[in-house]
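Listed below, chain by chain, are the residues.
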Amino acid sequence: MFGAFSWPAIASLGSGLLSLAFLAYVWPYRDEDGATLFMTMIGAIALWAFSYGVALLVFDPALRVLFEIPIWLGTCFTSLLFLAFALEYTGRKDVVRSTPMAGLVALTLGFVGLIATNPRHQLVWSNYRIDPTFGAATVAYTNEAWLFLILLTLMIFTAGAVLVLLETFVSYGPLYRSQTLALALSPLPVIPGILLWIFDAGPVPHLNLAPLLFPAHLGLDMYAFFRRNMFELTPAARRTGDQTAIDDLGIGIIIVDDDRRIINANEAATEIVDTAKPAFLGNSLDDIALDIDLDSDDQRIRHGDTRRRDYAVTVSPIEDSADSTVGHTITLQDITLERQREQRLAVLNRILRHNLRNDLNVASGYLEVVAEGVDDEGYVDMLETAKRNTDDVLELGEKARMVERTLEPDELGTESIPVATFVDHVAEPLVDDHGGHVDTEIPDALAIETNRQLLESVLDNLIENGLEHGGGNVTVGATTTGSTVRIKVSDSGDGIPEHELGVIEEGTETDLEHGSGIGLWLVEWGTTALGGRVSYETGAAGTTATVELPDVVDSE
């Protein structure tokens, strides 16, 4: 019944032992994406190799045919598990757990059941007989249609896995290329052995060489595992991360191909157009109610029937390795609240600049006239106080105009500004109004390329603060490092109160902790709008504010 060990049996059993040894090395990574399916696939290979190796020792036809069941169980599930592993390893876990995949599992079990019951119906093969090769109990039989159908299906499974891995090789960059290519190529050494066996070709037509060729298959898997860290750098993390990033951005994202067909979109985008994702994908961009121009990279649209929203639209081309445009990414950011805030700010600013300013100018003039006509010193003091407070509110209205400018600095443009002359221009009216003195320590030749109005707002507020609260004497200096300029405004006063600087650093004001005005905010916003930053040093000797502006000096 059992024959002596032959070299085909020893080679097949050796493939099984090699599979088990590799499985032991992979075991610690069983919790990684795709690892469990990969180990199960290696187990199926081991079952295939061991079963075939033992079967080659069995010369009793009745017993020998029983070994076809574990052989084909391993054969069928090696291909299916390879496909499932490739899908999960590349981040398509949802497909592995889908109903269609369950259908493939059922189909594969059906194939195994058909093979197990073949002695009754002869649908897979017929004329089963022992035909020894090299002293091994190889068999010969007539291939029936179902055998070719089963093998064709398994080849499709394998081809699908290879295509999934090759897509990852092409799309995900060099970090994953070596391991995905090795895994994609791993079935290739085995396939010729199967084809030679199924078509009774080659010098040993009845010997299935596939189990004997498994070491080459496993060698490519081992290369991916040992040399390329296949379970430490999984493309599933990259794919899942890409999709999660798209879904969690909080803005609508639509991706279209070069024919304007929608090929991907996140949930936020489908909610904007009020269309389910399956019905959304595949349609033309022209079929959805969004007026988007792919040739404009910055536009605004309004969308919605009953609840209209404003969206900032950004269009970015997608280019392939040959720098050809193959599609576009469209982002839709809801700016409704931002637009409303802009409108409200514009209205408030207009009121401060026009209505309130006109009324307060009239009130200030009347207060001055009345004060001149009153003899009672007490009333004169009260009227002068009222006039000062009115003038302070007028000045606040003027600063409110600069707040609006800091919101849209790009519209103001830039120009070359000689710093020393400009500081004198800013300081002169401030000295006339507040007294004191402003010294400059700035090279005469220093000029910077920046926005004049924003820079004037920053320096005006810093110098005014120094004249009013810093002892009356202010020093303005400037130094450069490469293309960066640092403008320092120093005074000799008691320093800016800690609570005012704390408010600026925190970026918010509360009822219990707030600044005395908007001057420091204008310095902060203006410097930020210029692309720079401002810092403060306070102490017993006074306060030094440093405004650092990069890329404004011609360093050549």
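Residues numbered from 1 in each chain as written. Predicted model: local features only at pLDDT ≥ 70, side-chain atom pairs only at ≥ 80, totals over all residues. Heavy atoms only, no water.

### Digging into the overall build of the protein
Then, in step 1: Secondary structure summary: the protein contains 20 helices and 14 strands in total.
Then, in step 2: Taking all 556 residues of the protein together, 42% fall into the buried category.
Then, in step 3: Taking all contacts inside the protein whose residues are at least 6 apart in sequence as the whole, residues at least 24 apart take part in 63%.
Then, in step 4: Accessible surface, the protein: about 28600 Å² in total, of which carbon and sulfur atoms supply 55%. (Helix = DSSP H or I, 4+ residues; strand = E, 2+ residues; numbered from the N terminus. Buried < 20%, exposed > 50% of the residue type's maximum accessible area, 1.4 Å probe, protein only. Contact = heavy atoms within 4.5 Å. Areas by Shrake-Rupley, 256 points an atom, 1.4 Å probe, with all protein chains shown as cover.)

### Topic: unusual backbone geometry
Then, in step 1: Positive phi values are uncommon outside glycine, yet Asp200 reaches one of about 50 degrees.
Then, in step 2: Structurally, Asp200 is set in the loop between α10 (191–198) and α11 (214–227).
Then, in step 3: You can call Asp200 partly exposed: its relative accessible area is 42%.

### Some words on the sheet that holds strand β4 (residues 262–265)
Then, in step 1: The sheet built from five strands is open, its strands ordered β4-β3-β7-β6-β5 with antiparallel pairing. Each edge of the open sheet is held by one strand with a lone partner, namely β4 and β5 (299–303). The average angle at which neighbouring strand axes cross in this sheet is 30 degrees, direction not considered.
Then, in step 2: With five bridges joining them, β5 and strand β6 (residues 309–319) adopt antiparallel strand pairing. The residue bridging His303 from the neighbouring strand is Arg309, located in β6. (Pairing = 2+ DSSP bridges. Axes fitted to C-alpha atoms, helices over the stretch in contact; angles between N-to-C directions.)

### Overview of the pattern of salt bridges
Then, in step 1: For the structure shown, the criterion picks out nine salt bridges.
Then, in step 2: One salt bridge connects Arg261 with Asp257, and the closest N-O pair in it is separated by 3.0 Å.
Then, in step 3: Linked through salt bridges whose partners overlap, the residues forming this network are Asp257, Asp259 and Arg261. (Salt bridge = Lys/Arg side-chain N within 4 Å of Asp/Glu carboxyl O.)

### Some details on the side chain of Asn143
Then, in step 1: Within the secondary structure layout, Asn143 lies in strand β2 (residues 139–143).
Then, in step 2: There is a polar contact of 2.8 Å between the side chain of Asn143 and the backbone oxygen of Ile198.
Then, in step 3: If we ignore the near neighbours within four places in the chain, the residues touching Asn143 are Val124, Phe148 and Ile198. (Polar contact = N/O pair within 3.5 Å; in protein donor to acceptor, adjacent residues only side chain to side chain.)

### Considering the confidence of the model for the protein
Then, in step 1: Confidence in the prediction of the protein, expressed as mean pLDDT, is 82, and 78% of residues score 70 or more.
Then, in step 2: Confidence, read as mean pLDDT per element, is least for helix α12 (residues 235–248) in the protein (60) and greatest for helix α6 (residues 99–116) (96).
Then, in step 3: Predicted confidence for residues 509–516 stays below pLDDT 50, and this span has 12 contacts to residues more than four positions away or in other chains. (pLDDT = per-residue confidence, 0-100.)

### Some thoughts on the pairing of strand β11 (residues 473–481)
Then, in step 1: Pairing geometry for strand β9 (residues 437–441) and β11, over five bridges, is parallel. In the strand pairing of β11, Glu441 is matched with Gly477.
Then, in step 2: Pairing analysis gives eight bridges linking β11 to strand β12 (residues 484–491), with the strands arranged antiparallel. What sits directly across from Thr475, in β12, is Ser490.
Then, in step 3: Between β11 and β12, which follow one another and run antiparallel, lie two residues, and Gly482 among them has a positive phi close to 65 degrees.

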